[in-house]
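Coordinate analysis (summary)
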Amino acid sequence: MANPGFAQTDDIIRSILGRPLQSAQVSQAFIHADGSLEGVFNGISFAGTWTLDGGKYCRTFTRGLNGAPICMTVSAEYTPDGDVRAVIFDGPAGRAKFDVGN
């Protein structure tokens, strides 16, 4: 079940803090509670910072990847027991879906 709620962005992000995020291009990405993020995109190690602003997830890369800071809407897919199994970021450059590990 998708859960695209403006008011729920904070809850979704809080539920994935410190958990590994993976997609076809991204391996072992993490969003940390201290406002940092890190991972590997197509073999390139990256790092950055994130904030929540107006119900959106905003990120800036500080190492490894280039690109202007962007803000994205966030939705999630849940397991039958209510845990987040995937998170979807929708932004100006398109949509990115990540499987969420434990």
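A brief look at the structure comes next.

A few points about unusual backbone geometry
- Backbone geometry at Q28 places phi at a positive 45 degrees, although glycine is not the residue there.
- For Q28, the location among the structural elements is in strand β2 (residues 26-31).
- In this structure Q28 comes out as partly exposed when scored by relative accessible area, which is 39%.
- With a phi angle near 45 degrees, N42 is a residue other than glycine that sits in the positive phi range.
- Within the secondary structure layout, N42 lies in the loop between β3 (36-41) and β4 (44-53).
- The class of N42 is exposed, set by a relative accessible area of 52%.

Looking at the layout of surface pockets
- Taken as a whole, the largest pocket encloses approximately 560 Å³ of empty space.
- For the largest pocket, the lining is made up of 25 residues, of which R59, F61, M72, A96 and F98 are closest to its centre.
- The set of elements that each furnish at least two residues to the lining of the largest pocket consists of β2, β3, β5 (56-63), β6 (70-78), β7 (84-91) and β8 (94-100).
- Residue contributions to the lining of the largest pocket peak at five residues, all from β8.
- Each residue belonging to the lining of the largest pocket can be placed in one class, and the counts come to 17 nonpolar, four polar and four charged.

Considering helix α1 (residues 9-16)
- Taken as a whole, α1 has its buried residues at T9, I12, I13 and I16. Seen end-on, α1 carries its buried residues on one side only, within an arc spanning 95 degrees.
- Directly after α1, the chain includes G18, whose backbone phi takes a positive value near 80 degrees.

Conventions used here
- Residues numbered from 1 in each chain as written.
- Predicted model: local features only at pLDDT ≥ 70, side-chain atom pairs only at ≥ 80, totals over all residues.
- Heavy atoms only, no water.
- Helix = DSSP H or I, 4+ residues; strand = E, 2+ residues; numbered from the N terminus.
- Buried < 20%, exposed > 50% of the residue type's maximum accessible area, 1.4 Å probe, protein only.
- 1 Å grid on protein atoms, 1.4 Å probe; cavity = no way out; pocket = protein on both sides within 12 Å on 5 of 7 lines; lining within 4 Å.
- Points joined across faces, edges and corners; volume = space filled by probe spheres on them.
- Nonpolar A, V, L, I, M, F, W, Y, C, P; charged D, E, K, R; others polar.
- Arc of directions from axis to C-beta.

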